[in-house]
Amino acid sequence: MSEINTEDNWRYAFKASKLKPGKKKMIRVGKKLILLLNVDGDYFATEALCRHMRWPLAYGAKVKDDCIRCPLHQTTHKITDGSLVEWSPFPLLPAYGKLVGKFSKQKDLKTYQIRVLGEDLQVYI
Ligand code: FES
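Now for a description of the structure that goes with this document. (Residues numbered from 1 in each chain as written. Predicted model: local features only at pLDDT ≥ 70, side-chain atom pairs only at ≥ 80, totals over all residues. Heavy atoms only, no water.)

With respect to the environment of Gly41
Relative to the elements of secondary structure, Gly41 occurs in the loop between strand S3 (32-39) and strand S4 (42-47). Looking at Gly41, the relative accessible area reads 38%, which means it is partly exposed. Here the alpha-carbon distance between Gly41 and Leu19, two residues 22 residues apart in the chain, equals 9.3 Å. (Helix = DSSP H or I, 4+ residues; strand = E, 2+ residues; numbered from the N terminus. Buried < 20%, exposed > 50% of the residue type's maximum accessible area, 1.4 Å probe, protein only.)

Some words on the pairing of S3
Most of S3 sits out of view: 6 of its 8 residues are buried. Examined bridge by bridge, strand S2 (residues 24-29) and S3 share 6 bridges and lie antiparallel to one another. Looking across to S3, one finds that Lys25 is bridged to Leu36. Hairpin connection from S2 to S3: 2 residues lie between these consecutive antiparallel strands, with Gly30 at a positive phi of about 60°. Inspection of the sheet shows S3 paired to S4 by 6 bridges, in the antiparallel sense. Paired with Leu36 across the strands is Ala45, a residue of S4. Linking S3 back to S4 in an antiparallel pair, the connection comprises 2 residues, with Asp40 at a positive phi of about 55°. (Pairing = 2+ DSSP bridges.)

So this is what it looks like as structure tokens:
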């Protein structure tokens, strides 16, 4: 019986010291675009593009109460597990947000395990 080496799935992502608290960074690991976040010293990794209309969350997304909110139509997901909190609510009047929200299927945001190894951030792919 062979053992699966899960260490092979950890990939270098970024220098931990360069991702300061409150900052986010979009990176590419292999073919995946990943968003790295430092929230008060805790690191998170999610897919980099909004699930709604693929806006790059590194540009303008706000992080608050363990949630990330896209600046375009304010779709909001938990950064801890990617679960959907609110889908395209903005703007409310006219109800353009709700309308464009129907253009795509509601989905959770993919999240990745992240760890610090030495001076490096690594994500589990
Ligand atoms: S593109 Fe992010 S909420 Fe619409």
